[in-house]
Amino acid sequence: MLKARYVDINLQAVNDGTNNKQSCSVWWLDICSLNNKNSEEVFANNCLFRVGDRFITSFWHSHWIEGGILKDRFPSLYDISLLQDVSIASLRGWRNGSWCWNDFGIPPAAASRTPAVLLLLQRLLPADFPSRLGHDSVDWMLFEDQNFLVSISYRALCKRYIPFGFVKLHDFAFSSIWKVDVPLTVRAFGWRCFWNRIPTKDLLNYRGIISSSSNLHCVFCNAFPESSCHSFLDCYKVIGIWKDIAGWLGLCYSKLTDFKESYLFWSSSCRNLKIKKGKVGSVRLVVVWSLWLCRNDIIFKDVGWNASGVAWSCKALLWR
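Residues numbered from 1 in each chain as written. Predicted model: local features only at pLDDT ≥ 70, side-chain atom pairs only at ≥ 80, totals over all residues. Heavy atoms only, no water.

**A few points about the overall build of the chain**
So, point 1. Along its length, the chain carries 17 helices and 4 strands.
So, point 2. Entry remark: accessible area of the chain is about 18,300 Å², with carbon and sulfur atoms responsible for 56%. (Helix = DSSP H or I, 4+ residues; strand = E, 2+ residues; numbered from the N terminus. Areas by Shrake-Rupley, 256 points an atom, 1.4 Å probe, with all protein chains shown as cover.)

And the structure:
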């Protein structure tokens, strides 16, 4: 799991970050940096070590015993221990013919000053371990299935440490949309999409302009209620148009159902293709605007439509 993919989880590598930052993803570096920004140690507190041969699990740093991490429960003993970064197996040995705990790396002079705390630690520790085959293992406690994925764990930790979301996460979309080289009407329409202020059937019904007895279905698929997100991004017939445009530009289609996130994604993808600076955000705006015009023609002019025709009209506008 973590150990196999990201070097050694049991010692300071867990709490101090990664050894090779160049080979790590941005998500992984952000997760590691939480340890420096918060008093809670993210990995140590969310990993539960299953003891096997005891050569992998850190005695002081890992959560392997009921009650939490030992260095947090016994900070005075941890501070004076000379064996702070060793495994469980390293702190056990033969004494008087029996396999037992040793002195935990605490000098005798220091141990004599904290006898009560040392005795409490010795009583807490198991006298023996059940025999288990294999190495120590780790469970990721943030999820019920105990599996670890960097991206999912990143989102889960963000909800914990940033409960109200990132500050000004999509502000760049609001500012950059006005710099796109398209007519002002198209830019204003895209800005209204960001705020969900397009007069689609769901909003018109919500405001009492049309009744619920009216046909509230999407005019493209006639299967789901019309909303700006569905009709422009999520409708299965509209997705075909997006895939056609993406293939025409040499991009891989990625389904996104949020207008601001989708706009930034397409702008970034077009920027990587070295498209003219003022045109990088035009793809998303032109396609959404063309779909809106097609939708109005179907409703108010009772004309037919086909996905390939809308795709070609978008390409013609983008080619100019």
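The discussion continues.
**Observations regarding the pattern of salt bridges**
So, point 1. One pass over the structure, following the stated rule, counts 5 salt bridges.
So, point 2. Ionic pairing is found between Glu226 and Arg295, a salt bridge with its closest N-O pair at 2.9 Å. Of this pair, Glu226 sits in the loop between α12 (201–206) and α13 (228–234) while Arg295 is found in helix α16 (residues 282–300), placing the two residues 69 residues apart along the sequence.
So, point 3. Given a relative accessible area of 1%, Glu226 falls into the buried group. (Salt bridge = Lys/Arg side-chain N within 4 Å of Asp/Glu carboxyl O. Buried < 20%, exposed > 50% of the residue type's maximum accessible area, 1.4 Å probe, protein only.)

**Here's the deal with helix α11 (residues 184–194)**
Because an α-helix completes one turn every 3.6 residues, residues spaced three or four positions apart along the sequence face the same direction.
So, point 1. Listing the buried residues of α11 in full gives Val186, Arg187, Phe189, Gly190, Cys193 and Phe194. Across the axial projection of α11, the buried residues extend over an arc of 160°, all falling on one side.
So, point 2. Two residues or fewer after α11 comes Asn196, characterised by a positive phi angle close to 55°. (Arc of directions from axis to C-beta.)

**Some points on the packing of helix α14 (residues 236–249) against helix α17 (residues 307–319)**
So, point 1. Between α14 and α17, whose axes approach to 9 Å, the crossing angle comes to 40°. Here α17 runs oblique to α14, going by the angle between their axes. The element α14 and its partner α17 pack so that their crossing is right-handed. Counting all contacts with α14, which are made through Lys237, Ile241, Asp244, Ile245 and Trp248, the residues of α17 involved are Ala307, Val310, Ala311, Cys314, Lys315, Leu318 and Trp319.
So, point 2. Split into classes, the residues belonging to the contact of α14 with α17 amount to 9 nonpolar, no polar and 3 charged. (Axes fitted to C-alpha atoms, helices over the stretch in contact; angles between N-to-C directions. Parallel < 35°, antiparallel > 145°, perpendicular 65-115°, else oblique. Left-handed = near helix turned anticlockwise from the far one by under 90°. Contact = heavy atoms within 4.5 Å. Nonpolar A, V, L, I, M, F, W, Y, C, P; charged D, E, K, R; others polar.)

**Describing the side chain of Thr114**
So, point 1. Residue placement: Thr114 occurs in the loop between α7 (108–111) and α8 (115–124).
So, point 2. What Thr114 contacts, discounting residues up to four positions off in sequence, is Leu77 and Ile80.

**Overview of the nonpolar core**
So, point 1. Among the nonpolar cores identified, the biggest contains 43 residues, and Phe189, Phe220, Phe232, Trp242, Ile245, Trp266 and Leu291 are the most heavily contacted of them.
So, point 2. For this core, the secondary structure elements donating two or more residues are α10 (171–176), α11, α13, α14, α15 (259–272), α16 and α17.
So, point 3. For this core, the element with the highest residue contribution is α16, accounting for 10 residues.
So, point 4. Counting 24 residues, the second-largest nonpolar core is a separate cluster that includes Phe49, Trp64, Ile88 and Val138. (Core = buried A, V, L, I, M, F, W, Y, C linked by side-chain atoms within 4.5 Å.)

**Quick word on the environment of Trp242**
So, point 1. By the secondary structure assignment, Trp242 is in helix α14.
So, point 2. Owing to a relative accessible area of 1%, Trp242 belongs among the buried residues under this scheme.
So, point 3. Each C-alpha atom of the pair Trp242 and Phe232 lies 9.5 Å from the other, and the pair is 10 residues apart in sequence.
So, point 4. One polar contact links the side chain of Trp242 to the main-chain carbonyl oxygen of Phe232, over a distance of 2.8 Å. (Polar contact = N/O pair within 3.5 Å; in protein donor to acceptor, adjacent residues only side chain to side chain.)

**Notes on a nonpolar patch on the surface**
So, point 1. There is a patch of nonpolar side chains on the surface, built from Trp178, Leu184, Trp191 and Trp195 and spanning about 430 Å² of accessible area.
So, point 2. With respect to the element layout, Trp195 can be found in the loop between α11 and α12. (Patch = residues over 30% accessible without salt bridge, like charges linked within 9 Å, V, L, I, M, F, W, Y side chains within 5 Å.)

**What to know about the state of the cysteines**
So, point 1. With the rule as written, the count across this model stands at 0 disulfides.
So, point 2. For Cys314, which is in no disulfide, the shortest distance to another cysteine sulfur is to Cys294 and amounts to 9.4 Å.
So, point 3. The exposure class assigned to Cys314 is buried, which follows from its relative accessible area of 0%. (Disulfide = S-S within 2.5 Å.)

**A look at the confidence of the model for the chain**
So, point 1. Per-chain confidence: the chain averages 77 in pLDDT, with 72% of residues scoring 70 or above.
So, point 2. For the stretch residues 1–22, pLDDT sits under 50, and the model shows 49 contacts to residues farther than four places along the chain or on other chains. (pLDDT = per-residue confidence, 0-100.)

**Quick look at the side chain of Ser231**
So, point 1. Its location among the elements puts Ser231 in helix α13.
So, point 2. In this structure Ser231 comes out as buried when scored by relative accessible area, which is 2%.
So, point 3. The contact partners of Ser231, leaving out residues within four places of it in the chain, are Cys218, Phe220, Glu226, Val238 and Leu291.

**Quick look at the packing of aromatic side chains**
So, point 1. In this structure the tally under the stated criterion is 15 aromatic pairs.
So, point 2. Between the aromatic rings of Phe59 and Trp60, the centroid separation amounts to 5.0 Å while the plane-to-plane angle is 85°, which identifies the pairing as edge-to-face. For the pair Phe59 and Trp60, a shared accessibility class is recorded, and that class is buried.
So, point 3. Plain terms: the ring middles of Phe174 and Trp195 are 5.1 Å apart, the flat faces sit at 45° to each other, and that makes the pair tilted. One end of the pair, Phe174, is in helix α10; the other, Trp195, is in the loop between α11 and α12, and 21 residues separate them in sequence. (Phe/Tyr/Trp six-rings, centres within 6.5 Å; stacked < 30°, edge-to-face > 60°.)

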